[in-house]
Every structure is written in structure tokens, then in C-alpha cells.
Amino acid sequence: MSTVTKEQVVRWLEATAAVLAANKGYLTDLDSAIGDADHGTNMDRGFKKVMEKLPTVADKDIGNILKTVGMTLISSVGGASGPLYGTFYMRGGMAADAKEELDAGDLINVLQGAVDGIIQRGRAQPGDKTMVDALLPALAALKQAVADGQELPAAVAAAVAAAEQGMKDTIPLQARKGRASYLGERSIGHQDPGATSSHLILNALLGVL
Amino acid sequence: MKKLINAVPDVVKEQLEGMAAAHPDLIKVHYEPDYVYRADAPVAGKVAIISGGGSGHEPMHGGFVGMGMLDAACPGAVFTSPTPDQMYEAAQAVNSGAGVLFLVKNYTGDVLNFEMAADMAYAEGIPVQNILIDDDVAVKDSLYTAGRRGVGTTVLVEKIVGAAAEAGYNLEQCADLARKANSYGRSMGMALTSCTVPAAGKPIFEMGDDEMEFGIGIHGEPGQKRMKLIPADELTDMMAKEIIHDKAYSRTVRELVDGQWVDKELVDEPFKRGDKVIAFVNSMGGTPVSELYAVYRKLAEVCAAEGIEIVRNLIGPYITSLEMAGMSITLLKADDEILKFWDAPVKTPGLRWGV
């Protein structure tokens, strides 16, 4: 029976902060092609704040930790990604209420809540060239792998692979949400920065399992 | 990057400190979370008008805080929307009990953050309404995009609705007037150069010496199309006609009604011969006022030929994109109610008359 422990959740958040800091320039470059050149800077600022807050809640349950991450991102990131990723962690945290560890079913519930939250807040559909295009395939792959009886690291690896494919699949899409949508056909040929950060976040989870 | 800054992380804070030092009679500044608010807030019995958005558009919005315009403004990082805690705490600080109207430019970040702030204010028992400003005719459809951006009309709506609140309009009346004034306003912008966000350190896009970007928003994002530079008259004629001949525009907006977000279908009617308008020629920051007058000269000519009567005008840098060279044109149909509130006294750092 494989689980994600609370310590692993904390390390996942630390790894997320590190990978977003390392990819700050990359995400901002992607965003400058079709957005407003701030995605990397904003995510890095948000997760630096998360790192300041994390020690104060690291002994709380996983739901509490994730909700604190969500609140911190909402009040520090701004832009569209602040409310969207803030809602992602808030709703993920609500699905992990009072949990000290997550089994496969719990992890599915967390990701389901998180993705539902993003869709509700941003009202993006699959194919709109947003983070949803990485997250929905990842959720589907996670469910499928668990249903097939795979252990957690393998199931998360399947989710990450699906997120990566979804991220790459945003390249030929024409954006229909956010600032990129104003470019019309000129948004085609560029990878979506939000889908890219979503892949990085899920990949950071795989790294700590 | 050549800029008059000290350290990149301090850009917004030092600007706010400068504003507070320059205008202590008009405004105060709260830090962490950051917001600019009227020195005499809350004003008893008055609906509070709040706006906000990324920094880099000065004097909007902080420069429009004061008597007859905004009660508070929430500045985000440069070209990044502010956060809900700023808006919520600003609302708490300036709410007199008559409620708060959030004027929100239609950019996804601004919209989402103000929606969260409205949820928080409503939960605390503050009467609150969100009205979207979406006037940019460069965006043709709302089905395959995030809808028209909020640009030049924002300045005019803040002035008009600010005066109405000062005159005693209640929250619903302020919201109705804001919705109407937005539906009467249309804008179009263009850029001659890119601009540099301090945190990025390099221009947002590259542009050749003989090129211009047509149909831009206000965040340095690329516009509708890249074109060869054309003379001012030809450009003004093209932009004015895009605005004047723009067809009816419909879209679905989300407004807060009794704590629930409900979709509303709104339609902007096109201009017609005989309409009276307020004409606003705005610099994106780098274009001098002399060139704006050259544009206005042609704009007045085109409007006259199209049967549109300019009854008021505003010319200058009011909604900018850092040091970008370029300009925008806004026409806003002016009925008696709108003209009365446009002419009403205003006393803010960025706009002042009648006092």
C-alpha cells in the first residue's frame, strides 16, 4: 500500500519552489511570446512566500498545509495565475482535510478538487490553451493507472507523462482564454506557460516519491 | 534597460511613497497590502468607488483617487493584477456603509482577483458590485477570446461614476451608470515602440524602426496586427473609423447578485450620426502631447464628417504603458447624465477641474 506522507507533501512544495525559481526565466520567456511576460516572476514570488509560510504549518495536516499554500498564492501572486493556482491548492486542500497521508484514492480526490477549482474559477475548456490542458490529462492518467492497479510512484509518473504531453499539445492550439487569446492565430506555435508550470508542479511531486 | 529606478523590487513601493509625499492633502497610502485611498475616507453616506490593476499605467489608478473620482486604488506589481486581499482591505477602509463598487478592467487577472475580493467583501456584509470595463474594439469577438479589454474608457467611467457617487447615487445607481457609460465607450490603441517591465529587464516585444503595432491593449502585449508605419492622419482616420463603425458588440459578463455570480448578456449599440461624444486622445507614455494634438486635429475632422459631435475632450497621458510610444483614441457617447457628471468637480493628483 503506497501513500504520500505529509513529509513528502512538504518536500513536494519545497521542490516546487526550487523548480519554479530555476525556471523563472523560461516561464517568463514563454509568457512574453503570447502573454505579458510575468508568469515566471509571479510564480517565483508566490512560492518564495510559500516557503516563508511553510515552517509555520508543516506540523499541521495535509489539508491545512495545502490550504495555506493556496491562501498565500492568492495574496502574493496576482495576475490570473494567483487566483487560479490559489484555488488549485485551496480546493486540493479541502479534499485532504485532516489527512496525515494520502493513499491513491486520496491523491485522486486532491487533484480532482484542485482541477475542478481551476475550471470553475477560470472557466477554461480543454483545448483553450491553458493549464487545464496539462491538468485534465494528468488527472485522467492518474485515475486510469490507479484503476489498473499501479502503485503510487508509477501512477504519478503516468500523470506527469500525460501532463507533459498535454503541455506540448498546447503548441499548435489557438488560445481562447487569457491575454494570449488576443493574439488570435499568432498564439499558434507557442507552448502555453500555464500548462508548462502545471507540468513542473506535478513533476516536482514525482521527484519526492 | 535604462530607467530611473533604484532596485527592481522597490519600484512600486517607492512610487507609492512618492505619491504619498506629494499629495498628503488628497491621498494616503497603506502598505502590505498596498492601496491608495482618499485622505478623508470613508466619506459618510457615499458609495465607495474602487479600482485597481497592474502598475505601469500611471496616473491611472492611484492618480485618480480623490474627491469626485475614486475612493481607493489597488496597485499590483508592474503589469500584474493586484491581489484580493488588497482590494478587500481597501474596501473595508473606505466603505462608509453605503457599499463599494469595484470598477474592473476586463483582463483575466483583474477579473479573477476582483471576483475573489467581492466574495470576501460580501461574506463580511459589505454591499458590493463588480462592473467590467471592456471597450477595446481591436478585439472583435468575445466567443474565442477573453473578450474586449478594458482600456481608455476606464478613465472616463472612473470620472463619471466617481462624480455620481459624490452626488449621492446609491450603489445600484452607480453600478447602472458604470454599466451604461462602459457600453457607450469604445477605444482603439496602437504602439510605435515596445516597453520594458523592470523585472523582465528587456522589451516585451521587438519592433522594427519602420513598424507599428495596431490594436494593442495597455500591458505591452502584442496587438491585433503588425503594420508598416503610416502618417498620423492616415492612422487616425483608420482608428477613428474602426471605433465609429464598430458594430453592436455582445458578450456575457459575470456580476455578483445577492452573493451569487450570475451571467448577464450585455450589448453595446453602435454609434450613429448625431451622437454627442467625449473624445479622449491618450498617450501610451512615450508619445509627446504635441503628437496627440496632431491626432486630435484629424480625429475632430473625421468625427465631423461622420456626423459625430465632440462635446468634450481629454488629451494627454492618462492610461499609459510605461515608456511605450503610441496612443489610443476613445469615444464615449455623452447623454445629459454623463455630461453632468463629466463636468462635475474633481480633485485628484491626476485629474482636477472645477475646484
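First things first, this report covers the structure right here in the doc.

Criteria and cut-off values
- Residues numbered from 1 in each chain as written.
- Chains lettered and ligands numbered in written order.
- Predicted model: local features only at pLDDT ≥ 70, side-chain atom pairs only at ≥ 80, totals over all residues.
- Helix = DSSP H or I, 4+ residues; strand = E, 2+ residues; numbered from the N terminus.
- Rg over C-alpha atoms; globule rule 2.2 N^0.38 Å.
- Pairing = 2+ DSSP bridges.
- Axes fitted to C-alpha atoms, helices over the stretch in contact; angles between N-to-C directions.
- Left-handed = near helix turned anticlockwise from the far one by under 90°.
- Contact = placed C-beta atoms within 7 Å.
- Nonpolar A, V, L, I, M, F, W, Y, C, P; charged D, E, K, R; others polar.
- Expected span 1.5 Å × (residues − 1).
- Buried ≥ 20, exposed ≤ 12 C-beta atoms within 10 Å, placed from the backbone.
- Arc of directions from axis to C-beta.

### Thoughts on the overall build of chain A
Working step 1: Scanning chain A for helices and strands turns up nine helices and two strands.
Working step 2: Reading chain A from its N end, one meets helices and strands in the order β-α-α-α-α-α-β-α-α-α-α.
Working step 3: Compactness check: chain A gives a C-alpha radius of gyration of 16 Å against a globular reference of 17 Å for 209 residues, within 12% of the reference.
Working step 4: Dimensions of chain A along its principal axes, counting C-alpha atoms only, are 45 × 40 × 30 Å.

### Structural notes on the sheet that holds strand β12 (residues 276-283) of chain B
All names here are of chain B.
Working step 1: Read across the sheet, six strands follow the order β9-β8-β7-β14-β12-β13 without closing on themselves; strand pairing throughout is mixed. Since the sheet does not close on itself, it has two edges, and those belong to β9 (225-228) and β13 (309-316), each with one partner. The average angle at which neighbouring strand axes cross in this sheet is 20°, direction not considered.
Working step 2: In the sheet, strand β8 (residues 211-214) pairs with β9 via four bridges, with the strands oriented antiparallel.

### Details of the packing of helix α3 (residues 39-57) of chain A against helix α4 (residues 62-76) of chain A
Residues and elements named next belong to chain A.
Working step 1: In the contact formed by α3 and α4, the axes pass within 9 Å of each other and the chain directions differ by 145°. For α3 against α4, the interelement crossing comes out right-handed. Taken together, the residues of α4 that come into contact with α3 (itself represented by R45, G46, K49, V50, K53 and V57) are N64, I65, T68, V69, T72, L73 and S76.
Working step 2: Split by residue class, the contact of α3 with α4 holds five nonpolar, five polar and three charged.

### Comments concerning helix α7 (residues 289-305) of chain B
Structurally, the α-helix is built with 3.6 residues per turn, so residues lying three or four positions apart point the same way.
Residue and element names in this part refer to chain B.
Working step 1: Taking 1.5 Å as the rise per residue, α7 with 17 residues should run 24 Å; its terminal C-alpha atoms sit 24 Å apart, in good agreement.
Working step 2: Among the residues making up α7, those that are buried are V295, Y296, L299 and C303. For α7, the angular spread of buried residues about the axis comes to 110°, placing them on one side. Exposed and oriented more than 90 degrees from the buried face of α7 are S290, Y293, A304 and A305.
Working step 3: Taken from the residues just after α7, G307 is the one with a positive phi, measuring 80°.

### A closer look at the interface of chain A and chain B
Working step 1: Chain A puts 27 residues into the contact, and the matching count from chain B is 28 residues.
Working step 2: Listed by contribution, the elements that provide at least two residues to the side of chain A that touches chain B are α2 (24-34), α3, α4, α5 (81-94) and α6 (104-122) of chain A.
Working step 3: For the side of chain A that touches chain B, the class distribution of residues is seven nonpolar, 13 polar and seven charged.

### Regarding the sheet that holds strand β3 (residues 48-55) of chain B
Residues and elements named next belong to chain B.
Working step 1: Taken together, six strands build an open sheet; the order of strands is β1-β2-β4-β3-β5-β6 and the sheet is mixed. Looking along the sheet, the strands with just one partner apiece sit at the ends: β1 (27-30) and β6 (128-133). Taken over all neighbouring pairs, the strand axes of this sheet differ in orientation by 20° on average, direction set aside.
Working step 2: As judged from the six bridges shared by strand β5 (residues 100-105) and β6, these two strands associate in the parallel manner. Directly across from L101, in β6, lies its bridge partner Q129.
Working step 3: Packing against the sheet, helix α1 (residues 11-22) makes contact with β1, β2 (35-38), β3 and β4 (72-78), and its axis sits at approximately 150° to β1.
Working step 4: Along the sheet, helix α5 (residues 171-184) makes contact with β5 and β6, crossing β6 at roughly 5°.

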